Amino acid sequence: MVKNQANTKMKKATIATAMGNVVEWYEYGVYSYTAGIIGTQFFPSGSTTTAFLYAFALFAISFFFRPLGGIIFGSIGDRLGRKKILTITIVLMSLSTAAIGIIPSYESFGIGATILLVVMRMVQGLAAGGEYGAATVFMTESAPYKKRGLFTSFLESGVLFGYIIGASSVALLTSILSADAMNLWGWRLPFILSLPLALIGMYLRTKVDDTPVFSKLQKEDSLSKKPFKEMFSTARKPLLTTFCCIAFANGAYYTLLTYLPSYFETEIGLSASSSLLITIIGMIFMIFLIPFIGVLSDHFGRKLFMFLSSILAIISAVPIFWLIRDGGNFGPLFGFLLLGILVSLFVGAQPSALPPLFPSRVRNSGYSFSYNISTAIFGGGAPFIITALTSLSQSSLTPSFFLVGVAIIAVIGLLFVPETAKKPIHQDGIDNST
């Protein structure tokens, strides 16, 4: 009876926590596939290329605010509770996303429309900066330590599920509406429809308890009063190792999900619909593969899969992009699936491997800060870095060089990461001596 109650409680916590990632990446999927329309709606008229540049510049803005969101909400999570952050961030994310759907266009409101859009993207960045770190810490501290890999891996599946829903909703509207209707009002619907998803997630999150780790700190009156300051004296090593590991985790993730679809169109010559179909097939494959890796990491260790992913990326990134470019009709699909396996090997284990390294008093602050700094540089910056390198090298294989680089950074970090599988979380974090 007690076991069944515990399982039910964990299922509720998992669904409630993953819903935030679903909402966040739903917005990314919608924004990515309406970028051209948004560029024409909120900026002075110009070429289609200029519209895309404006829209993706705004896409990048949210990443610049993620570290600030990690600082603000991470500190709140360590001082007031992990659960409070989960409720606040999902509300901010959904309201700012829905607001984009009702902002008047540049034609009717002038520069005010552009300013409002920029502000909403900033709010989304702040919310996203607090969301993932808090969600991962919440699941890490709530899950049974012998199944931590399984439960935290569902967060990554939520990311992909949200992106699929977002991208598919835009594709569906594009197929049933005329181009004029889509440009005039149809593009707004997916943004506004984020509200029902968020309301469900917010309701579920109000029904879960805070983590046992935080509750214990609160009961013992051991909460940190200045966690952001404290983490630099007590968590320097996990700050650095997390930064290195996330460089590859999100560098590869964003290359796969945000850069590769456009690569299919510009370098390979695929249509937008073919590119979207390949991306969705690949993400569905990863949704099921990532939890499987999470389960395996509970039995065989986290570092095994993270090392395996990084080493394989160093060895195979160039051949995989050669396959994508010169592998015929099925090259892009096979290449996406192979890269999807590499990413899944790493992100299936990473959420359960890194947060336990931080002391409990600063876990939310430390993990969120390090995660978001690395994500802003190597995740949000991936398309820009790859494009800049491509212009210098004039090689269509340049994305593979970026993957090799971030994989090397991850290997260096992993050399100093202790194994966290099958170990309970201690107040001072898991270290080599535990």
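Residues numbered from 1 in each chain as written. Predicted model: local features only at pLDDT ≥ 70, side-chain atom pairs only at ≥ 80, totals over all residues. Heavy atoms only, no water.

### Notes on the environment of Leu-197
Thinking step 1. Relative to the helices and strands, Leu-197 is located in helix 11 (residues 194-206).
Thinking step 2. Every residue in contact with Leu-197, bar those within four places of it in the chain, is listed here: Met-19, Val-23 and Tyr-26. (Helix = DSSP H or I, 4+ residues; strand = E, 2+ residues; numbered from the N terminus. Contact = heavy atoms within 4.5 Å.)

### As for the packing of aromatic side chains
Thinking step 1. Counted by the stated rule, this structure contains 18 aromatic pairs.
Thinking step 2. Between Trp-187 and Phe-191, the aromatic rings sit 5.9 Å apart at their centres with planes inclined by 80 degrees, giving edge-to-face as the arrangement. Both residues of the pair, Trp-187 and Phe-191, belong to the buried class.
Thinking step 3. In textbook terms, an aromatic cluster arises when at least three aromatic residues are bridged by ring pairs, as seen for Trp-25, Phe-63, Tyr-163, Tyr-253 and Tyr-254.
Thinking step 4. The ring of Tyr-31 has Arg-121 lying over it, and the distance from NZ or CZ to the ring centre is 4.3 Å. (Phe/Tyr/Trp six-rings, centres within 6.5 Å; stacked < 30°, edge-to-face > 60°. Buried < 20%, exposed > 50% of the residue type's maximum accessible area, 1.4 Å probe, protein only. Lys NZ or Arg CZ within 6 Å of the ring centre and 35° of its normal.)

### Looking at the environment of Val-118
Thinking step 1. Residue placement: Val-118 occurs in helix 7 (residues 111-142).
Thinking step 2. Overall, the relative accessible area of 18% leaves Val-118 in the buried class.
Thinking step 3. Through-space distance from the C-alpha of Val-118 to that of Ile-61 is 7.9 Å; in sequence the pair is 57 residues apart.
Thinking step 4. For Val-118, the contacting residues outside a window of four places in its chain are Leu-58 and Ile-61.

### Quick look at unusual backbone geometry
The phi angle of most residues is negative, glycine excepted, and most peptide bonds adopt the trans form.
Thinking step 1. The phi dihedral of Asp-221 is positive, around 55 degrees, even though this residue is not glycine.
Thinking step 2. Mapped onto the secondary structure, Asp-221 falls in the loop between helix 12 (212-219) and helix 13 (227-234).
Thinking step 3. On the basis of relative accessibility, which here comes to 70%, the residue Asp-221 falls in the exposed class.
Thinking step 4. For Lys-422, which is not a glycine, the phi torsion comes out positive at approximately 60 degrees.

### Regarding helix 13
Thinking step 1. Every buried residue belonging to helix 13 is among Pro-227, Glu-230 and Met-231, and all of these are buried. Here the buried residues of helix 13 occupy an arc of 105 degrees about the axis, which is enough to place them on one side.
Thinking step 2. On its buried side, helix 13 packs onto helix 4 (66-80), helix 14 (236-268) and helix 19 (363-379). (Arc of directions from axis to C-beta.)

### What about the nonpolar core?
Thinking step 1. Counting residues in each nonpolar core, the largest one holds 100 residues, and the members touching the most others are Tyr-253, Leu-260 and Leu-339.
Thinking step 2. For Leu-260, the residues in contact, after removing those within four places along its chain, are Thr-255, Phe-321, Ile-324, Phe-336 and Leu-339.
Thinking step 3. Counting 15 residues, the second-largest nonpolar core is a separate cluster that includes Ala-13, Ile-85, Leu-155 and Val-208. (Core = buried A, V, L, I, M, F, W, Y, C linked by side-chain atoms within 4.5 Å.)

### Quick look at the pattern of salt bridges
Thinking step 1. In the structure shown here, the tally under the stated rule is 9 salt bridges.
Thinking step 2. Note that Arg-121 is salt-bridged to Glu-27, the shortest N-O span being 2.7 Å. On the criterion of sequence distance, the pair formed by Arg-121 in helix 7 and Glu-27 in helix 1 (residues 2-33) is long-range, its members being 94 residues apart.
Thinking step 3. The exposure class of Arg-121 is buried, given its relative accessible area of 0%.
Thinking step 4. Here Arg-361 makes a salt bridge to Glu-230, at a shortest N to O gap of 2.8 Å. (Salt bridge = Lys/Arg side-chain N within 4 Å of Asp/Glu carboxyl O.)

### Regarding helix 21 (residues 398-414)
Thinking step 1. Relative to the 24 Å expected for 17 residues at 1.5 Å per residue, helix 21 spans 25 Å between its end C-alpha atoms, a close match to the ideal helical length.
Thinking step 2. Of all the positions in helix 21, only Thr-398, Pro-399, Ser-400, Phe-402, Leu-403, Val-404, Val-406, Ala-407, Ala-410, Val-411, Gly-413 and Leu-414 are classed as buried.
Thinking step 3. Taken together, the buried residues of helix 21 touch helix 14, helix 16 (302-326), helix 17 (331-347), helix 19 and helix 20 (382-393). (Expected span 1.5 Å × (residues − 1).)

### Observations regarding a nonpolar patch on the surface
Thinking step 1. A surface patch of nonpolar side chains, amounting to about 650 Å² of accessible area, comprises Ile-311, Ile-314, Ile-315, Ile-408, Ile-412, Leu-415 and Phe-416.
Thinking step 2. Contributions of two or more residues to the nonpolar patch are made by helix 16 and helix 21.
Thinking step 3. Element by element, the count of residues in the nonpolar patch is highest for helix 16, at 3 residues.
Thinking step 4. Along the chain, the position of Ile-315 falls in helix 16.
Thinking step 5. On the accessibility criterion, Ile-315 (59% relative accessible area) is exposed. (Patch = residues over 30% accessible without salt bridge, like charges linked within 9 Å, V, L, I, M, F, W, Y side chains within 5 Å. Areas by Shrake-Rupley, 256 points an atom, 1.4 Å probe, with all protein chains shown as cover.)

### Looking at the packing of helix 15 (residues 272-300) against helix 17
Thinking step 1. Following both chains from N to C, one finds helix 15 and helix 17 inclined at 30 degrees, their axes separated by 9 Å at the closest point. When the axes of helix 15 and helix 17 are compared, the pair comes out roughly parallel. For the crossing formed where helix 15 meets helix 17, the hand is right-handed. Of the residues in helix 17, those touching helix 15 at Ile-278, Thr-279, Ile-281, Gly-282, Met-283, Phe-285, Met-286, Leu-289, Ile-290 and Ile-293 are Pro-332, Leu-333, Phe-336, Leu-337, Gly-340, Ile-341, Val-343, Ser-344, Leu-345 and Val-347.
Thinking step 2. Among the residues forming the contact of helix 15 with helix 17, the class breakdown is 16 nonpolar, 4 polar and no charged. (Axes fitted to C-alpha atoms, helices over the stretch in contact; angles between N-to-C directions. Parallel < 35°, antiparallel > 145°, perpendicular 65-115°, else oblique. Left-handed = near helix turned anticlockwise from the far one by under 90°. Nonpolar A, V, L, I, M, F, W, Y, C, P; charged D, E, K, R; others polar.)

### Looking at the packing of helix 15 against helix 16
Each pair of packed helices gets described by two things: the angle between the helix axes and the distance between those axes.
Thinking step 1. Between helix 15 and helix 16, the least distance of the axes is 7 Å, while the angle of their chain directions is 125 degrees. The pairing of helix 15 with helix 16 is recorded here as oblique in orientation. Contact residues: Ile-293, Gly-294, Leu-296, Ser-297, Asp-298 and Phe-300 in helix 15; Arg-302, Leu-304 and Phe-305 in helix 16.
Thinking step 2. Along the lines of polarity and charge, the residues of the contact of helix 15 with helix 16 split into 5 nonpolar, 2 polar and 2 charged.

### Some words on the confidence of the model for the protein chain
Thinking step 1. With 93% of its residues at a pLDDT of 70 or more, the protein chain shows a mean pLDDT of 87.
Thinking step 2. When pLDDT is averaged over each element of the protein chain, helix 17 comes out on top at 96 and helix 3 (residues 48-64) at the bottom at 68. (pLDDT = per-residue confidence, 0-100.)

### Considerations on the environment of Gly-39
Thinking step 1. With respect to the helices and strands, the residue Gly-39 is situated in helix 2 (residues 35-42).
Thinking step 2. Owing to a relative accessible area of 2%, Gly-39 belongs among the buried residues under this scheme.

### Some remarks on the state of the cysteines
Simply put, the disulfide is a covalent bond whose two ends are the sulfur atoms of two cysteines.
Thinking step 1. Applying the stated rule across the entire model yields 0 disulfides.
Thinking step 2. Cys-244 forms no disulfide, and the closest cysteine sulfur to it belongs to Cys-245, at a distance of 6.8 Å. (Disulfide = S-S within 2.5 Å.)

### A word on the side chain of Ser-62
Thinking step 1. The topology assignment puts Ser-62 in helix 3.
Thinking step 2. A relative accessible area of 1% means that Ser-62 is categorised as buried.
Thinking step 3. Apart from the residues lying within four places of it in its own chain, the contact partners of Ser-62 are Tyr-28, Arg-121 and Gly-125.

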